[in-house]
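# Residue-level structure breakdown
Here are the chains, one letter per residue:
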Amino acid sequence: MSTLATRIKLNNDTAIPCLGFGTYKIKDPVEAYNSTKTALETGYRHIDTAAFYENEKQVGQAINDFIKENNVKREDIFVTSKVWKTELGYDKTLAAFEKTMSEIGLDYLDLYLIHWPASYAFDDDWENTNRDTWRAMIEIYKSGRVKAIGVSNFLNHHLKALMEFDIIPAVDQIEINPGFLQEDTVDFCQEHGILVEAWSPLGRGKSLDHPLLKELADKYGRTVAQIILRWEIQHDVVPLPKSVNPDRIAQNANVFDFEISDEDMEKIDAIEPYGNSGHSPDQAD
């Protein structure tokens, strides 16, 4: 059975930890620093941030301090950031990456993502915008300053515009939670060797109140959050739970010593949409 330290090979042979720590909406500088440091001290080795989160500086400082204080190697920690949707296009993406690197204070990133795709609702030439952005991502990758590149919130029709390149996305980070597995995109990605990560894996906390999930938590002697994260891991998805509470940070990492039965997996799969955000990649302005 896997552990918090278990890594999965991406399509370029970079190894990514199978559970990550998300930092979305942790804008308070002290909270961003402390929660990242706590996650690392708990055993997480996969930290996810983004320019839009406005906490790259604090996240990077926490990583650097943890490395210095614990004699940990930089390569033992997997760090992700993302280029925001207002910075799409070749030149803007290159400039956004330089700003991220200045903010985060690291020599390299393990993964750099396009945060949201250009879409037909706001860009008549959206496919070429995504292609131009991806060309910049490939240039960044070839520079050696990132170990892997990928996308976030890309659906099948967005991904298809990038499949013509010699280097395709290593990761697609999409919203996944009970009732919102996004099977079409997950299947497409897994068929093409693209790892799927889950943002909002706990359904913005709403999923924690679902009756079936509460029932299964009692059955397995676990928290509801642990049941959800385990369900995602068993779907070969890498969840990125977020918390500023040290106890919950630790609980969310403790999902590797049990397994959900096939029957109960199917019950969770059958949940109707419940905690998803409703944000469409084609309509999100």
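Residues numbered from 1 in each chain as written. Predicted model: local features only at pLDDT ≥ 70, side-chain atom pairs only at ≥ 80, totals over all residues. Heavy atoms only, no water.

Take the pattern of salt bridges next. All chains considered together, the criterion is met by 9 salt bridges. Across the pair K219 and D264 runs a salt bridge, and its minimum N-O distance is 2.7 Å. Here K219 is found in helix α7 (residues 211-220), whereas its partner D264 is found in helix α10 (residues 262-269), with 45 residues between them in sequence. Note on K219: relative accessible area 53%, which makes it exposed. Notably, a salt bridge pairs R222 with D257, separated by 2.6 Å at the nearest N-O pair. Taken as a pair, R222 in the loop between α7 and α8 (224-234) and D257 in the loop between α9 (246-253) and α10 lie far apart in primary sequence, 35 residues in all. In the salt-bridge network here, residues are joined through shared partners; they are K219, D264 and K267. (Salt bridge = Lys/Arg side-chain N within 4 Å of Asp/Glu carboxyl O. Helix = DSSP H or I, 4+ residues; strand = E, 2+ residues; numbered from the N terminus. Buried < 20%, exposed > 50% of the residue type's maximum accessible area, 1.4 Å probe, protein only.)

Bringing unusual backbone geometry into the picture now. Among all residues save glycine, negative phi is the norm, and among peptide bonds the norm is trans. The backbone of E54 shows a phi angle near 60 degrees, a positive value even though the residue is not glycine. Topologically, E54 is positioned in the loop between β4 (46-48) and α2 (56-70). Relative accessible area serves as the criterion here: at 55%, E54 is assigned to the exposed category. The backbone phi angle of N153 is positive, close to 65 degrees, even though this residue is not glycine. Summarising the element assignment, N153 is placed in the loop between β7 (149-152) and α5 (156-160).

Before going further, it helps to spend a moment on the layout of surface pockets. Taken as a whole, the largest pocket encloses approximately 860 Å³ of empty space. What lines the largest pocket is a set of 37 residues, among which Y24, W199, S200, R204 and K242 lie closest to the centre. When the residues that make up the lining of the largest pocket are grouped by side-chain class, the tally is 14 nonpolar, 16 polar and 7 charged. Considering only enclosed or pocket space, the second largest pocket measures out at about 270 Å³ in volume. (1 Å grid on protein atoms, 1.4 Å probe; cavity = no way out; pocket = protein on both sides within 12 Å on 5 of 7 lines; lining within 4 Å. Points joined across faces, edges and corners; volume = space filled by probe spheres on them. Nonpolar A, V, L, I, M, F, W, Y, C, P; charged D, E, K, R; others polar.)

Neither face of β7 is open: one carries I149 and V151, the other G150 and S152, and all of them are buried. In the sheet, strand β6 (residues 111-114) pairs with β7 via 3 bridges, with the strands oriented parallel. Residue I114 lies in a different strand from β7, and its bridge partner there is V151. Pairing between β7 and strand β8 (residues 171-175): 2 bridges, direction parallel. Residue pairing across strands places V151 opposite D172, the latter belonging to β8. (Pairing = 2+ DSSP bridges.)

Here we come to the sheet that holds strand β9 (residues 195-199). Read across the sheet, 8 strands follow the order β3-β4-β5-β6-β7-β8-β9-β10 without closing on themselves; strand pairing throughout is parallel. Here the strands that pair on one side only, and so sit at the sheet edges, are β3 (21-22) and β10 (237-239). By the bridge criterion, 3 bridges tie β9 to β10 in an arrangement that is parallel. Across the sheet, residue V196 finds its bridge partner in β10, namely V237. Together, β8 and β9 form the strand contacts of helix α6 (residues 183-191), whose direction differs from that of β8 by roughly 170 degrees. (Contact = heavy atoms within 4.5 Å. Axes fitted to C-alpha atoms, helices over the stretch in contact; angles between N-to-C directions.)

Turning to the side chain of Q226, a few remarks are in order. Within the fold, Q226 resides in helix α8. Once residues within four sequence positions are removed from consideration, Q226 is found in contact with Q251, N254, V255 and F258.

Moving on, we come to α8. Counting buried positions along α8 yields 10 of 11 residues, so the element is predominantly enclosed. Among all positions in α8, only V224, A225, Q226, I227, I228, L229, R230, W231, E232 and I233 are buried. Turning to α8, the residues buried within the fold contact α7, β10, α9 and α10. Two residues or fewer after α8 comes D236, characterised by a positive phi angle close to 60 degrees.

A separate point is the packing of aromatic side chains. Evaluated as defined, the whole model comprises 6 aromatic pairs. Here F21 and Y44 contribute two aromatic rings whose centre-to-centre distance is 5.7 Å and whose plane-to-plane angle is 65 degrees, an arrangement assigned as edge-to-face. With F21 in strand β3 and Y44 in the loop between α1 (29-42) and β4, this residue pair connects regions lying 23 residues apart in the sequence. Exposure remark for Y44: the relative accessible area of 1% places this residue in the buried category. Pairing Y24 with Y53 gives two aromatic rings, centres 5.2 Å apart and planes at 45 degrees, and the pair type is tilted. Residue Y24 is located in the loop between β3 and α1, and its partner Y53 is located in the loop between β4 and α2; the two are separated by 29 residues in the primary sequence. A residue is classified by how much of its surface remains accessible, and Y24, at 38% relative accessible area, is partly exposed. What makes Y53 buried here is its relative accessible area of 6%. (Phe/Tyr/Trp six-rings, centres within 6.5 Å; stacked < 30°, edge-to-face > 60°.)

Read these as geometric descriptors, not functional statements.
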